[in-house]
There are 2 protein chains.
Amino acid sequence: MKWPKNITIKEVGPRDGLQNEKDFISTEDKISLINQLSASGLKSIEITSFVNPKWIPTLSDATAVATGITKVPGVTYTALVPNQKGLERAFEANVDEVAVFMSTSETHNLKNINKSISDTFPILRNLVQKTLAVGKPSRGYVSTVFGCPYEGPIDINEVIRVSETLFEMGINELSLGDTIGVANPKQVQELLEVFLKRFPADKLAMHFHDTRGTALANVLVSLEMGITTFDSSIGGLGGCPYAPGASGNVATDDLLYMLHGMEIHTGVDQKKLLSASQFIQKKIGRPLPSKSLQASTSQ
Amino acid sequence: MKWPKNITIKEVGPRDGLQNEKDFISTEDKISLINQLSASGLKSIEITSFVNPKWIPTLSDATAVATGITKVPGVTYTALVPNQKGLERAFEANVDEVAVFMSTSETHNLKNINKSISDTFPILRNLVQKTLAVGKPSRGYVSTVFGCPYEGPIDINEVIRVSETLFEMGINELSLGDTIGVANPKQVQELLEVFLKRFPADKLAMHFHDTRGTALANVLVSLEMGITTFDSSIGGLGGCPYAPGASGNVATDDLLYMLHGMEIHTGVDQKKLLSASQFIQKKIGRPLPSKSLQASTSQ
């Protein structure tokens, strides 16, 4: 097996992770977490989401977080943006990159964004092009790529259609999301075989949730296919607090453990990362899903 | 990537899992668990350990368990045996297969068995040969193959020496154990490249613990190398109750989820397996490490 020598990790914990927390994590703690992540050597951190605070109250301090962190040169600070209003707030807060999102499943898109897929396209196009106009890059998330909680398996042609449309809009990178953590390595291999004929590997990121424990195996098969960018979440943040083990994103801690063991370079200091993970676990007040984190704590 | 079409799962939860439980699980519940596992389609179940009850009081009912279960034709019921006394008890209880164990690390072997590696060999030889003499197969476990908590990395030549000695004794199958869950896919690949030149794939089983989340990725690379037998534990039993997330064996539930998703045949009914997992989780009274189990419970 051949694996890439260098991997880029895109840390999404402060956004994809914390948005699922019921309790409000203080702005100060969020800023401290992001500053610790910046100091760990991570080169890309999704710091918050400029959604309507009514939807996700726990991220209602997006502006305070984005303007309160100490930016480290060379690190890209990204924010999720759902609409024009969010884009304006993100620009005011001077984020480096805008992330837009939609689903490949009509039902999931409707439930999540309250619009059909075809009605979502012009909104995202506007966001991406306005971001380009101010000279900033944008990132596209497509969710439910490997299965939808309402529709089940998604036709790969629909995944391609949505992905191509996002690239045509001008996104710089596409993140393929296993939103509900159902993917297995065969599915990942089959999807990537098709995708890598259409899109260059360095424009694709894989975004695995670890709901059924398969995330690192899915990362491994993606590495073998030539993928070099992965989204992950500090401590495995993002699990539902009421379903122990029903994890969110693959834990950055576990991803690092595996990659560094395989002598794959990430540029991240594992010790500093683990310390940030211990910090946010303490603030959240329950054991986080990362197994490396728990193994380090129990030693 | 090429993966095998058929895989044998060796269920070790009733032994490797339950031996780590602080509280005594009743004999009746152990028997019920094993009977449910038998009914799930599993073809190999390690049911208990005939160690001195003083060492592992939680398995002090080994004879009652081994003689109380309903044996299903075609299923091999294995028991762990450390010495002559244990072997006699195992024979009396009429187990189908005897498992012997030792470490590739001198320090771990001393701490675990209270003997040097060279002093362990004649004991195991005696056990394996007496088992052969009564016409039964035996299985050898080598532990700390990918790293030892006391000695760190283990020289592969020492792993080979111990493995060859066990095969010479007459074991039918060797289970290579990542006892403390430190292995990564590169390490697994490198070890198997060497091992598969010396031993046939169908004589090797991989025994991964999921302490740092890498177990299924290690399974995946083993599949790619041609391994077709894996040890796993129902619910991921075997974690230390005082270290949440510090898991034991890879969970049979998660292994099945991945293999079946990849269209790899195991002969196991996933629904029945999950139901057995829910049963023992309830008896143990805390969430077990299996992520598929938790995902199924939270739905």
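Residues numbered from 1 in each chain as written. Chains lettered and ligands numbered in written order. Predicted model: local features only at pLDDT ≥ 70, side-chain atom pairs only at ≥ 80, totals over all residues. Heavy atoms only, no water.

What to know about the side chain of Ser40 of chain A
Residues and elements named next belong to chain A.
Link 1 in the chain: By the secondary structure assignment, Ser40 is in the loop between helix 2 (27-39) and strand 2 (44-49).
Link 2 in the chain: At 3.5 Å, the side chain of Ser40 and the backbone nitrogen of Leu42 are in polar contact.
Link 3 in the chain: Contacts of Ser40, omitting those with residues within four sequence positions, involve Gly267, Val268, Asp269, Lys272 and Leu273. (Helix = DSSP H or I, 4+ residues; strand = E, 2+ residues; numbered from the N terminus. Polar contact = N/O pair within 3.5 Å; in protein donor to acceptor, adjacent residues only side chain to side chain. Contact = heavy atoms within 4.5 Å.)

Points about the relation of the copies chain B and chain A
Link 1 in the chain: If you rotate chain B by 180° and push it 0.0 Å along the axis, it lands on chain A with an RMSD of 0.0 Å. Between the two chains, the operation in question is that of a two-fold axis. Residues of chain B ranked by C-alpha distance from the rotation axis are headed by Ala217 of chain B, positioned 2.0 Å from it.
Link 2 in the chain: Taken together, the interface assignments show that 100% of the residues at the interface of chain B recur at the interface of chain A, consistent with an identical surface on both copies. (Least-squares fit on C-alpha atoms with pLDDT ≥ 70 in both.)

A short note on the interface of chain B and chain A
Link 1 in the chain: Chain B puts 39 residues into the contact, and the matching count from chain A is 39 residues.
Link 2 in the chain: Together, the buried faces of chain B and chain A total about 3,200 Å²; carbon and sulfur atoms form 63% of this surface.
Link 3 in the chain: Among the residues chain B hides against chain A, the three largest losses belong to Arg212, Tyr257 and Lys291 of chain B. Together they make up 22% of the total.
Link 4 in the chain: Counting across the interface, chain B meets chain A through 4 salt bridges.
Link 5 in the chain: One salt bridge in this structure joins Lys186 of chain A and Glu263 of chain B, with 3.3 Å as the shortest N-O distance.
Link 6 in the chain: Taken together, the links from chain B to chain A amount to 8 residue pairs in polar contact (both at pLDDT 80 or more). (Buried area = accessible area lost by both parts, 1.4 Å probe. Salt bridge = Lys/Arg side-chain N within 4 Å of Asp/Glu carboxyl O.)

A few points about the packing of aromatic side chains
Link 1 in the chain: If you walk through the whole model with that rule in mind, you get 6 aromatic pairs over all chains.
Link 2 in the chain: A network of ring pairs unites the aromatic residues Phe167, Phe195 and Phe199 of chain A as a single cluster.
Link 3 in the chain: In this structure, Arg15 of chain B packs its charged tip against the face of Tyr141 of chain B, placed 5.3 Å from the ring centre.
Link 4 in the chain: Here the guanidinium or amino end of Lys30 of chain B rests over the ring plane of Phe24 of chain B, the centre of that ring lying 4.1 Å away. (Phe/Tyr/Trp six-rings, centres within 6.5 Å; stacked < 30°, edge-to-face > 60°. Lys NZ or Arg CZ within 6 Å of the ring centre and 35° of its normal.)

With respect to the pairing of strand 5 (residues 138-143) of chain B
All names here are of chain B.
Link 1 in the chain: Along strand 5, 6 of the 6 residues are buried, which leaves the element largely enclosed by surrounding structure.
Link 2 in the chain: Burial along strand 5 is two-sided: the face carrying Ser138, Gly140 and Val142 and the face carrying Arg139, Tyr141 and Ser143 are both buried.
Link 3 in the chain: Strand direction decides the pairing type here: strand 4 (residues 97-103) and strand 5, joined by 6 bridges, are parallel. Across the sheet, residue Val100 finds its bridge partner in strand 5, namely Gly140.
Link 4 in the chain: Viewed along the sheet, the connection from strand 5 through helix 7 (residues 156-169) into strand 6 (residues 173-178) turns out right-handed. (Buried < 20%, exposed > 50% of the residue type's maximum accessible area, 1.4 Å probe, protein only. Pairing = 2+ DSSP bridges. Right-handed = clockwise from strand over helix to strand, strands pointing away.)

As for the sheet that holds strand 3 (residues 76-80) of chain B
All names here are of chain B.
Link 1 in the chain: The strand order around the closed barrel formed by 8 strands is 1-2-3-4-5-6-7-8, and the pairing between neighbours is parallel. Strand-to-strand twist in this sheet, taken as the mean axis angle between neighbours without regard to direction, amounts to 25°.
Link 2 in the chain: Contacting strand 4 and strand 5, helix 5 (residues 106-113) crosses the sheet at an angle of about 125° to strand 4.
Link 3 in the chain: With respect to the sheet, helix 7 is in contact with strand 4, strand 5, strand 6 and strand 7 (204-208), its orientation differing from that of strand 6 by roughly 150°. (Axes fitted to C-alpha atoms, helices over the stretch in contact; angles between N-to-C directions.)

Regarding empty space enclosed by the protein
Link 1 in the chain: For the structure on display, the rule yields 5 cavities of 30 Å³ or more.
Link 2 in the chain: Reported here for the largest cavity is a volume of approximately 170 Å³.
Link 3 in the chain: Lining the largest cavity we find 19 residues, and of these Asp210, Gly213 and Lys291 of chain A together with Asp210 and Gly213 of chain B sit closest to its centre.
Link 4 in the chain: Computed from the structure, the second largest cavity encloses a volume of approximately 50 Å³.
Link 5 in the chain: Lining the second largest cavity are 11 residues, with Asp210, Val250, Ala251 and Asp254 of chain A together with Lys291 of chain B positioned closest to its centre.
Link 6 in the chain: Residue classes in the lining of the second largest cavity are distributed as 4 nonpolar, 4 polar and 3 charged. (1 Å grid on protein atoms, 1.4 Å probe; cavity = no way out; pocket = protein on both sides within 12 Å on 5 of 7 lines; lining within 4 Å. Points joined across faces, edges and corners; volume = space filled by probe spheres on them. Nonpolar A, V, L, I, M, F, W, Y, C, P; charged D, E, K, R; others polar.)

Quick notes on the nonpolar core
Link 1 in the chain: Formed by 188 residues in total, the largest nonpolar core has its most connected members in Leu166, Leu176 and Ile280 of chain A together with Leu166, Leu176, Leu223 and Ile280 of chain B.
Link 2 in the chain: Once residues within four sequence positions are removed from consideration, Leu176 of chain A is found in contact with Val142, Val145, Val159, Ser163, Leu191, Phe195, Leu204, Ala205, Met206 and His207 of chain A. (Core = buried A, V, L, I, M, F, W, Y, C linked by side-chain atoms within 4.5 Å.)

Examining unusual backbone geometry
Link 1 in the chain: In this model, Asn94 of chain A sits at a positive phi of 60°, which is unusual for a non-glycine residue.
Link 2 in the chain: Position of Asn94 of chain A relative to the elements: it lies in the loop between helix 4 (84-92) and strand 4 (97-103).
Link 3 in the chain: With a phi close to 65°, Asn114 of chain B is a non-glycine residue in the positive phi region.
Link 4 in the chain: Among the secondary structure elements, Asn114 of chain B is positioned in the loop between helix 5 and helix 6 (117-133).
Link 5 in the chain: Taking the relative accessible area as the measure of exposure, Asn114 of chain B reaches 64% and is therefore exposed.

Notes on the pairing of strand 8 (residues 229-232) of chain A
All names here are of chain A.
Link 1 in the chain: Burial of the side chains of strand 8 extends over both faces: Thr229 and Asp231 are buried on one face and Phe230 and Ser232 on the other.
Link 2 in the chain: With 4 bridges connecting them, strand 1 (residues 8-11) and strand 8 associate as parallel partners. By the bridge assignment, Thr8 is partnered in strand 8 with Thr229.
Link 3 in the chain: As judged from the 2 bridges shared by strand 7 (residues 204-208) and strand 8, these two strands associate in the parallel manner. Bridging from a neighbouring strand, Met206 pairs with Phe230 of strand 8.
Link 4 in the chain: Handedness of the crossover joining strand 7 and strand 8 through helix 9 (residues 215-225) is recorded here as right-handed.

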